[in-house]
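Listed below, chain by chain, are the residues.
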Amino acid sequence: MSERVLVAAVPASLIVALAWSSGGYFPRTWGVVLLVEAIALASVAILARRVHLGRRGFLVVSSLLGLAGWQLVSRAWAIDPDATVLEAERTALYAGAVATALLVVDRRRAPDVVLGVLLGAGTVTVGGLAQHVLGSPGERFELPVGYANAAGILAAITLLLGLGLSSDDHAWRRAVGAGLGPPAAVALYLSLSRGALLAAALGLVVLVATLRPASRLARSGVAAVPAGAAAVVAASVDLLDDRGATTREALALLMLALFAAAASVLAARAPRIRVRGVSSTVAIAAGAVAATVLLAVIVVAGIHEIRAVGSAPARQQGAPSRLLSSTSDRAEYWKVAARIVRDDPLGGVGAGGFERTWLRERPALIYVRDAHNLYLETLAELGPIGLVLLLVALLVPLAGVRPAAEAAAGPAALAAYAALVAHAVLDWDWELPAVTLCTLFLGVALLRLGAGARSVPVEARTTAILVGAAVAVGALALVVHVGNGATADAQEALERGNVAAARRDAERARRFAPWAAAPWRLLGEAELAEGRLEPARRHLLRVVREDPASWDAWRDLALVSQGQEREAALRRARLLDPLAPP
């Protein structure tokens, strides 16, 4: 029992903790996650009697490690050398999470991983929804991650996993899955995320196509009813109209809780639904209709909600056309990424290089760091080698789709995994560990459900290897945590005007990240803030030698230079970002 709880609780806790840390977007959080992985590896080495190995799992971990290595190699030609290391650190975090999970999860425990992802995403969705409604909501639901599309996809996979597990043979899994359906449906439409809705639609199609027998599909269909009803009820009280908690919103949350409780009780106590004389084709068709109706209810409720807030001048951006139109800046991002592929088809611009390319080529004064398409951005930054490594890591879990679909939690995992992999076509999920770890943990579950694993006793040699891996990951965690944290602290100290703290933190960042140019730039800016122009100029000259495509460094160098040197620095800065304000 304790093993089952741990297998579910660890991924759930990671997802929740990262979601409330801005989705894990900022590098200072990665060291903590790596430390957790090191502790987990050491615990496996010391406490586990057996570990589980498989060829497909080895291929996935190898591909992720290969991707991290290729990101580091790209530093040789990258236009943003510091970004290559940060990208590799995050990918190494993903590889460590997958490797650790694969060691402890076998086919018997794979459903517990699926449950853990549901509990993690569900806790994030429910907690964020409460914050949104009772706090000071904006136009779109985006809490706790701080990005509406990420909140939307987390709500979508909560809905998909909930509906999938609502047909499980275990009553408590049915209760959890069905109970999370109503808040997930409400959160999904409040996010107003078209990409999340499209991903949810794809996931529902997969769920309907894989749920067998027809009685399980019927159970999930029954669980979808309160989810759709909750979206309608929530829309009818206009949750976005008021800022702060109101009696109406408190009543709406109470109503939502009642829907969730009723769904849980019904799912837990309902006997197996017997469907006689109905072919699988008819059952799938009926399920598809039910899924379409559920999505239609969510979309219509969302449009109703936007219309309710669209009359206020400050909220015109939330016009009812948002869910139905194709208006987006993504086409411009994709054009820039496509030009990179055309101009440098083999190696790209190096990991993390899209941001600087966008600054140089953007058609309007819009700032973005990512191309909002994981696969196109990977091809643009790392070339075909990087894209192949990424696709291997994401597609290998689908190799055993047939046996996985026949397992208890398989259809739910397949539906949510398909939604997440597809959603990455439209957004920057990879940069949010809270979202990407959902994908990877579900991939672990599919690997074990689809191919199983070979159980190996933990002997002295295995223990030594695991302890060595734990020490290596722990060392990496220390460097990542201190280096990235000190860089962030120095930047924040400069913004506060605390020059002494900024200089101290930048020096610490320089010691723990000697390859990085950012600490030297921060030291230069600290000297500039105190009027020490010559030391500032010396530091900034070093930055532009090591990182000649840094717009910030050239701008700062112009501030501490005179005459022709100043004019040359300004010209270089304008070339790197022509639309930057003077």
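For clarity, every value in this text was computed on a predicted model and none was experimentally measured.

A. Expanded view of the overall build of the protein chain. The helix and strand inventory of the protein chain stands at 23 helices and two strands. Residue burial in the protein chain is summarised as follows: out of 582 residues, 54% are buried. Restricting the contact set of the protein chain to residue pairs at least 6 apart, pairs at least 24 apart contribute 78%.

B. Molecular detail of the side chain of arginine 173. In this structure, arginine 173 sits in helix H7 (residues 171-191). Each residue touching arginine 173, except ones within four places of it in the same chain, is listed here: Pro111, Asp112, Leu165 and Asp168.

C. Molecular detail of helix H10 (residues 247-269). Helix length check: H10 (23 residues) gives 33 Å between terminal C-alpha atoms against 33 Å at 1.5 Å per residue, within 8%. Buried within H10 we find Glu249, Ala252, Leu256, Ala260, Ala263, Ser264 and Ala267. Here the buried face of H10 lies against helix H5 (110-134), H7 and helix H9 (214-236).

D. Representation of the packing of aromatic side chains. Tallying each qualifying case throughout the model produces seven aromatic pairs. Both rings, one in tyrosine 25 and one in tryptophan 428, keep their centres 5.5 Å apart while their planes meet at 65°; by these two values the pair is edge-to-face. Of the two residues, tyrosine 25 sits in the loop between helix H1 (2-19) and helix H2 (30-47) while tryptophan 428 sits in the loop between helix H16 (410-423) and helix H17 (433-451), which places them 403 residues apart along the sequence. We note that tyrosine 25, like tryptophan 428, is buried. For the pair phenylalanine 354 and tryptophan 358, a centre-to-centre distance of 6.4 Å together with 20° between the ring planes defines the contact as stacked. Of the two residues, phenylalanine 354 and tryptophan 358 both sit in helix H13 (residues 354-361), four residues apart, roughly one turn of that helix. Across the pair, tryptophan 358 and phenylalanine 354 agree in class, each one buried. An aromatic cluster of three or more residues is present, and its members are Tyr25, Phe26, Tyr147 and Trp428.

E. Main features of the environment of valine 396. Mapped onto the fold, valine 396 is located in the loop between helix H14 (374-395) and helix H15 (401-406). Along the chain, valine 396 and leucine 447 lie 51 residues apart, while their C-alpha atoms are 7.9 Å from each other. In contact with valine 396, not counting residues within four places along its chain, are Arg56, Leu59, Val60, Leu391 and Leu447.

F. Structural context of the layout of surface pockets. Taken as a whole, the second largest pocket encloses approximately 980 Å³ of empty space. Lining the second largest pocket are 39 residues, and of these Val61, Leu65, Ala99, Leu103 and Ala469 lie nearest its centre. Of all elements in the fold, only H2, strand S1 (50-53), helix H3 (55-73), helix H4 (81-104), strand S2 (454-457) and helix H18 (460-496) reach the threshold of two or more residues within the lining of the second largest pocket.

G. Layout of unusual backbone geometry. Cis geometry marks the peptide bond from leucine 143 to proline 144, where omega comes out at -5°. Residue position: proline 144 is located in the loop between H5 and helix H6 (148-165). With an omega of -5°, the peptide bond between arginine 212 and proline 213 qualifies as cis. A positive phi angle, close to 60°, is found at serine 22, a residue other than glycine. On the secondary structure map, serine 22 appears in the loop between H1 and H2.

H. Seen up close, the confidence of the model for the protein chain. The predicted model of the protein chain has a mean per-residue pLDDT of 89, with 88% of residues at 70 or higher. Note that pLDDT drops below 50 for residues 301-322; the model gives that stretch 46 contacts with residues more than four away or on any other chain.

I. Geometry of the environment of arginine 402. Assignment of secondary structure puts arginine 402 in helix H15. The spacing of arginine 402 and threonine 210 is 192 residues in sequence and 8.9 Å in space, taken between C-alpha atoms.

J. Highlighting empty space enclosed by the protein. For the structure shown, the criterion picks out three cavities of 30 Å³ or more. The volume enclosed by the largest cavity comes to roughly 120 Å³. If you trace the largest cavity, you find 14 residues lining it, with Gln71, Glu87, Thr378, Glu381 and Trp430 closest to the centre. Contributing elements (two or more residues each) for the lining of the largest cavity: H3, H4 and H14. The element that contributes the greatest number of residues to the lining of the largest cavity is H14, accounting for six residues. Among the residues making up the lining of the largest cavity, the classes are represented as six nonpolar, three polar and five charged. A volume near 80 Å³ is recorded for the second largest cavity. Those elements that place two or more of their residues in the lining of the second largest cavity are H14, H16 and H17.

K. View of the side chain of serine 220. Along the chain, the position of serine 220 falls in helix H9. A relative accessible area of 5% means that serine 220 is categorised as buried.

L. Representation of the packing of H18 against helix H19 (residues 499-512) in the model. Interhelical geometry of H18 versus H19 gives an angle of 155° and a closest axis separation of 8 Å. Considered as vectors, H18 and H19 are oriented roughly antiparallel to each other. By crossing handedness, the relation of H18 to H19 is classed as left-handed. For the pair H18 and H19, contact is made by Leu478, Val479, Val482, Gly483, Ala486, Thr487, Asp489, Ala490, Ala493 and Leu494 and by Ala501, Ala502, Asp505, Ala506, Arg508, Ala509 and Phe512, respectively.

M. The arrangement of the environment of proline 403 in detail. Secondary-structure assignment places proline 403 in helix H15. When its relative accessible area of 30% is taken as the criterion, proline 403 is described as partly exposed. With 46 residues separating them along the chain, proline 403 and leucine 449 place their C-alpha atoms 6.7 Å apart. Look past the residues within four positions of proline 403 in its chain and what remains in contact with it is Arg107, Leu449 and Gly450.

What counts as what
- The residue count restarts for each chain, going from 1 along the sequence in the order it is written.
- Local features are withheld for residues below a pLDDT of 70 in this predicted model, meaning they are given only at 70 or higher, and side-chain atom pairs are given and counted only at 80 or more; totals for whole chains, interfaces and linings count all residues.
- Computation of side-chain values: all heavy atoms of the structure, hydrogens and water removed.
- Only DSSP runs of H or I with at least four residues qualify as helices, and only runs of E with at least two residues qualify as strands; both kinds are numbered from the N terminus onward.
- The rule is simple: take the accessible area with a 1.4 Å probe, protein chains only, and divide by the maximum for that residue type; under 20% is buried, over 50% is exposed, in between is partly exposed.
- Contacts are assigned to residue pairs with any non-hydrogen atoms lying within 4.5 Å of each other.
- One less than the number of residues in a helix, times 1.5 Å, gives the span that helix is expected to have.
- A pair of Phe, Tyr and Trp rings is counted when the ring centres sit within 6.5 Å of each other, with Trp represented by its six-membered ring. The angle between the planes then sorts it: under 30 degrees is stacked, over 60 is edge-to-face, the rest tilted.
- A 1.4 Å probe that fits but cannot get out identifies a cavity on a 1 Å grid over protein atoms alone, an open set with protein on both sides within 12 Å along at least five of seven lines counts as a pocket, and a residue lines either if it has an atom within 4 Å of a point.
- Grid points are joined across faces, edges and corners, and a volume is the space filled by probe spheres set on the points.
- The predictor reports its confidence for every residue as pLDDT, a score running from 0 up to 100.
- Under the scheme applied, nonpolar residues are Ala, Val, Leu, Ile, Met, Phe, Trp, Tyr, Cys and Pro; charged residues are Asp, Glu, Lys and Arg; polar residues are all the others, including Gly.
- Note on geometry: axes are lines fitted to C-alpha atoms, helical ones only across the stretch in contact, with angles between N-to-C directions running from 0 to 180 degrees.
- For classification purposes, an angle smaller than 35 degrees is called roughly parallel, one larger than 145 roughly antiparallel, one from 65 to 115 roughly perpendicular, and anything else oblique.
- Note: crossing handedness is left-handed where the near helix turns anticlockwise from the far helix by less than a right angle, and right-handed where it turns clockwise.

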